Amino acid sequence: MKDFFIADAPRFDNAVVTSFFVLSSLQVRERRQGGQFLTVTLTDKTGSMPAVMWEDFLEAIGPCSEGCYVKVQGQISKYQNKFQMALQRLRFAAETEIDPADYLPFTHFDIDQMWDELRGYVFRFENTDLRRLVFSFLDDPEIANAYRVAPAAKVLHHAWIGGLLEHVVTLVRVCLATAPFYPEVDPDLLVTGAILHDIGKVRELHWKSSFGYTLEGQLIGHISIAQGMLIEKVRQLEPFPERLRILVEHMILSHHGKYEFGSPKLPMTPEALLLNVLDDLEAKMQTLRNAFANAEAQGRGAGEVTDWVRSMDRALLNSRAYLKDGVSVDESPSDEVPSMDEPLVVESEAREEIRASAADPVSSVD
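A quick note: this is a predicted structure, and the numbers were derived from the prediction, not measured.

Conventions we followed
Residues numbered from 1 in each chain as written. Predicted model: local features only at pLDDT ≥ 70, side-chain atom pairs only at ≥ 80, totals over all residues. Heavy atoms only, no water. Buried < 20%, exposed > 50% of the residue type's maximum accessible area, 1.4 Å probe, protein only. Helix = DSSP H or I, 4+ residues; strand = E, 2+ residues; numbered from the N terminus. Pairing = 2+ DSSP bridges. Patch = residues over 30% accessible without salt bridge, like charges linked within 9 Å, V, L, I, M, F, W, Y side chains within 5 Å. Areas by Shrake-Rupley, 256 points an atom, 1.4 Å probe, with all protein chains shown as cover. Salt bridge = Lys/Arg side-chain N within 4 Å of Asp/Glu carboxyl O. Phe/Tyr/Trp six-rings, centres within 6.5 Å; stacked < 30°, edge-to-face > 60°. Lys NZ or Arg CZ within 6 Å of the ring centre and 35° of its normal. Expected span 1.5 Å × (residues − 1). Contact = heavy atoms within 4.5 Å. pLDDT = per-residue confidence, 0-100. Core = buried A, V, L, I, M, F, W, Y, C linked by side-chain atoms within 4.5 Å.

> What is the right way to read the pairing of strand 2 (residues 36–44) from this model?
Burial within strand 2 is extensive, with seven of its nine residues counted as buried. Bridge count between strand 1 (residues 16–30) and strand 2: eight bridges; the pairing is antiparallel. Among the inter-strand pairings, glutamine 27 is bridged to a residue of strand 2, identified as threonine 39. Connecting strand 1 to the antiparallel partner strand 2 that follows it, the hairpin turn spans five residues, and glycine 34 within it adopts a positive phi of roughly 105°. Across seven bridges, strand 2 lies against strand 3 (residues 47–53) in antiparallel orientation. What sits directly across from leucine 38, in strand 3, is methionine 53. If you look at the hairpin formed by strand 2 and strand 3, you'll find two residues sitting between the two strands.

> Teacher, can you tell me more about a nonpolar patch on the surface here?
On the surface, Val305, Leu317, Tyr322 and Leu323 cluster together into a nonpolar patch covering about 400 Å² of accessible area. Along the chain, tyrosine 322 turns up in helix 11 (residues 319–324).

> Can you help me understand the packing of aromatic side chains in this one?
We describe a pair of aromatic rings using the distance from one ring centre to the other and the angle between the two ring planes. Tallied over the full model, the rule gives six aromatic pairs. Through a chain of ring-to-ring contacts, three or more aromatic side chains come together here, namely Phe4, Phe12 and Phe21. Residue placement shows lysine 233 over the ring face of phenylalanine 137; its charged tip is 6.0 Å from the ring centre.

> I would appreciate a short explanation of helix 8 (residues 222–236) in the present structure.
Along an α-helix, residues three or four positions apart point the same way, because every turn accommodates 3.6 residues. Here helix 8 spans 21 Å end to end across 15 residues, near enough to the 21 Å set by a 1.5 Å rise per residue. Along helix 8, the positions that sit buried rather than exposed are His222, Ile223, Ile225, Ala226, Met229, Leu230, Lys233 and Val234. On the buried face of helix 8, the contacting elements are helix 2 (128–138), helix 3 (141–149), helix 5 (187–196), helix 6 (201–204), helix 7 (215–219) and helix 9 (242–254).

> Just to check I follow, could you spell out the environment of tryptophan 54 for this structure?
Along the chain, the position of tryptophan 54 falls in the loop between strand 3 and strand 4 (69–79). Owing to a relative accessible area of 41%, tryptophan 54 belongs among the partly exposed residues under this scheme. In this structure the C-alpha to C-alpha distance between tryptophan 54 and glutamine 36, which are 18 residues apart in sequence, comes to 7.5 Å. Among residues more than four places away in sequence, those in contact with tryptophan 54 are Arg31, Gln36 and Phe37.

> Would you take a moment to explain the confidence of the model for the protein chain for this structure?
In regions of low pLDDT, the predicted coordinates are not meant to be interpreted in detail. Across the protein chain, the average pLDDT comes to 84, with 88% of residues at or above 70. Here residues 328–334 is a poorly scored stretch, pLDDT under 50, and it has five contacts once near neighbours within four places are set aside; other chains count. Across residues 344–366 the pLDDT falls below 50, and counting only partners more than four positions away or on other chains, this stretch makes 33 contacts in the model.

> Help me understand the nonpolar core in this model?
Across soluble globular proteins, nonpolar side chains have a tendency to be buried as a group. Leu118, Leu133, Leu138, Tyr147, Val172, Ile195 and Val248 are the most contacted members of the largest nonpolar core, which has 58 residues in total. Residue contributions to this core peak at eight residues, all from helix 4 (residues 163–178). Here tyrosine 147 is in contact with Trp115, Leu118, Leu138, Leu164, Leu165, Val168, Ile195, Ile199 and Val202, once residues within four sequence places are set aside. Counting 24 residues, the second-largest nonpolar core is a separate cluster that includes Leu23, Leu38, Val70 and Leu90.

Pasting the structure below:
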């Protein structure tokens, strides 16, 4: 069984290790001086590491493909400030040698609690048609089982089991906390968009031994998949208000915000605009946390920036760690963060008070 994880690499610099991994990418390349070599990406629940094998690899990779388990032996080293492995031996690993829990990262939060919290928000909808619509998804066993465990992405953010649910619950919390400041926004409609905007990812992604895209995901994508799922559910709910269907569908189609980011439409309603901004913010903040964790694992100091984060086109600095560095324990700020056990729900009375101070309340869409 597995006793070395990717996160252990800093403690094994220049050491030879033997362990099991998921082969998340595999490519045979041509050498400049002639011949071939193998490049792979080794993955477990703590991260990924590039590896290269120069000799005797063709027979070893015969039964292997992306997503299969392998046992490898190789030397850990650092190149351009990142750990990699020079492989000496590699073989296919049978599933009987594997504990799947070692290979897929998992949310730190309780899935049952997050699921109950999400359903609780829908129970409180004032708009009964939107309540019917969202529960038609959440009560569908096939969709619900996938929604509870699916990652939110292959790599970029919330790329772990339960990541989609974690992302959506956090996004709904942020939506409910923000909506009272914008009386143009219908809260039930906004939360509906938050819950359904990425619903297509339950069919876009696969997550058995590693995270990747299904054929449907590659050819169609989660936005178009979600649009199709919405149309199918609305047909089952007939009669369903056509105006509501159009507004929800628009949020799904526009939630990436720009054409170049894959949105067929730009946000044109208050709810679509706010959903796009908050969804983007929530994803970026998790990407930021991932970059900070990687920098810490690499042994970088509080005053050093992270590696270049390609999705954000910049390196990042952990300002809290930077300010805390060198400060005594008594003077240091609290590291507490909101817990998933304590929903950040704006109470209805406070919501109405904020609405009243901003403008006349806006009635629910019907």
